[in-house]
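Reading the structure
The chain contents come next:
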Amino acid sequence: MKLLVVEDEQKLAQYLQKGLGTAGFVVDLAHDGVTGLHMSLEFDYAAIILDSMLPGMDGLSLLAALRTKKQTPVLMLTALGKVEDRVNGLQTGADDYLVKPFAFSELIARIHGLLRRSATQQPEATSNRLALHDLEMDLARRKVLRNGQRIDLSAKEFLLLSLFLRKQGEVLSRTEIAEQVWDMNFDSNTNVVEVSIKRLRAKMDTPFEIPLLHTVRGMGYVLELRE
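Heads up: these notes are all about the structure in this document. Because the structure is a prediction, the values reported are computed rather than measured. (Residues numbered from 1 in each chain as written. Predicted model: local features only at pLDDT ≥ 70, side-chain atom pairs only at ≥ 80, totals over all residues. Heavy atoms only, no water.)

The next thing to look at is the overall build of the protein. If you tally the helices and strands in the protein, you get 8 helices and 11 strands. Residues classed as buried in the protein amount to 46% of the 227 residues present. Put simply, 57% of the contacts in the protein that link residues at least 6 apart link residues at least 24 apart. Split by element, the accessible area of the protein, about 11500 Å² in all, is 50% carbon and sulfur. (Helix = DSSP H or I, 4+ residues; strand = E, 2+ residues; numbered from the N terminus. Buried < 20%, exposed > 50% of the residue type's maximum accessible area, 1.4 Å probe, protein only. Contact = heavy atoms within 4.5 Å. Areas by Shrake-Rupley, 256 points an atom, 1.4 Å probe, with all protein chains shown as cover.)

Next comes the structure, spelled out in structure tokens:
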């Protein structure tokens with residue numbers, strides 16, 4: 001599998017290229033944000049390892065631009081360990097986060113986790129459409145309609161809604177949602193789930209008469225049509 005590493009520290013980039021190569025990956029390198037964005041859009045990668053601090057274009061800006069075109073799994077590397085920094089990255093579209101310094105074995109484990117999750121999220125030819133009441137999702141075209149109206153979702157909002165539609169009627173805890181959508185160990189100090197739920201509701205529930213996404217106090221959230 002082919003990976004892209006976008007890292008401006010030359011020694012770290014070469015270390016990652018060598019280590020990931022030994023682990024069986026083919027690795028391309030980019031040392032600035034502009035080159036990283038060009039390569040990520042021009043070529044297809046199984047996953048991207050993205051540094052947050054880059055010359056030319058920072059990691060979050062690169063990620064935001066990438067998400068308008070592609071949903072390639074992205075693992076962000078950063079020296080910033082604050083909760084709000086992780087939340088910003090995840091809300092922009094990162095699939096996972098790893099704070100420097102890190103153990104190489106953890107990096108490998110997280111990459112494999114991203115690849116496994118990415119494989120399970122590929123739409124099956126026989127189940128490209130998910131629906132509930134007047135809400136419809138076309139997985140192949142990445143299109144969402146409610147009552148015939150187009151709803152524009154971010155990459156994470158799309159994954160979040162697809163999870164609820166696949167498991168409609170099931171109560172999903174914050175931990176389950178974080179693990180399924182962000183592939184992260186749940187941090188009780190992180191409000192990324194609540195913020196994303198709020199944004200999703202504002203787009204697919206608030207403008208319409210009948211709410212579909214409900215809070216189950218003390219348990220989590222459920223997508224269902226209630227009488």
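What follows is about helix α2 (residues 33-42). For α2, the full list of buried residues reads G33, G36, L37, M39 and S40. Along the long axis of α2, the arc covered by the buried residues comes to 170°, so they all point the same way. In this structure D32 caps α2, since a side-chain oxygen of it lies 3.1 Å from the backbone nitrogen of V34. (Arc of directions from axis to C-beta. Polar contact = N/O pair within 3.5 Å; in protein donor to acceptor, adjacent residues only side chain to side chain.)

Read across the open sheet, the 4 strands follow the order β6-β7-β8-β9; overall the sheet is antiparallel. Each edge of the open sheet carries a strand with a single partner, namely β6 (129-132) and β9 (149-150). Here 4 bridges tie β6 to strand β7 (residues 135-138), and the two strands are oriented antiparallel to one another. Residue pairing for β7: L130 is matched across the bridge by M137. Where helix α6 (residues 155-166) meets the sheet, it contacts β6, β7 and β8 (143-146), and its direction lies at approximately 115° from that of β7. (Pairing = 2+ DSSP bridges. Axes fitted to C-alpha atoms, helices over the stretch in contact; angles between N-to-C directions.)

Moving on, we come to the side chain of E7. Mapped onto the secondary structure, E7 falls in the loop between β1 (2-6) and α1 (10-22). In this structure E7 comes out as buried when scored by relative accessible area, which is 0%. Here the side chain of E7 touches E9 through a polar contact of 2.9 Å, landing on its backbone nitrogen. With residues near it in sequence (within four places) discarded, E7 still touches L12, A13, A30, H31, D51, L54, L77 and K100.

With that out of the way, let us pick up unusual backbone geometry. Trans is the prevailing form of peptide bonds, just as negative phi is the prevailing case for residues other than glycine. With an omega of -5°, the peptide bond running from K100 to P101 counts as cis. For P101, the position within the fold is in the loop between β5 (96-99) and α5 (104-120). Phi is positive for H133, close to 55°, though the residue is something other than glycine. By secondary structure assignment, the location of H133 is in the loop between β6 and β7. Although it is not a glycine, N147 adopts a positive phi angle of roughly 55°. Mapped onto the elements, N147 comes out in the loop between β8 and β9.

Before going further, it helps to examine the environment of G220. Topologically, G220 is positioned in strand β11 (residues 220-223). Each C-alpha atom, one on G220 and one on V171, is 6.1 Å from the other, the two residues being 49 residues apart in sequence. Those residues in contact with G220 that lie beyond four places of it in its chain are V171, L172, S173, H214 and T215.

With that out of the way, let us pick up the packing of aromatic side chains. What describes a pair of aromatic rings is the distance from one ring centre to the other and the angle between the planes of the rings. One pass over the full model with this rule turns up 2 aromatic pairs. Each ring, one from Y15 and one from F104, has its centre 5.7 Å from the other, and the planes form 70°; the classification is edge-to-face. Taken together, the residues Y15 in helix α1 and F104 in helix α5 connect sequence positions 89 residues apart. Y15 gets classed as partly exposed once you look at its relative accessible area, which sits at 47%. Seen in terms of ring centroids, F43 and Y45 are 6.5 Å apart; in terms of plane orientation they differ by 75°. Their pairing is edge-to-face. In this arrangement the basic side chain of K2 is found over the ring face of F43, its NZ or CZ atom lying 6.0 Å from the centre. Residue placement shows R142 over the ring face of F158; its charged tip is 4.1 Å from the ring centre. (Phe/Tyr/Trp six-rings, centres within 6.5 Å; stacked < 30°, edge-to-face > 60°. Lys NZ or Arg CZ within 6 Å of the ring centre and 35° of its normal.)

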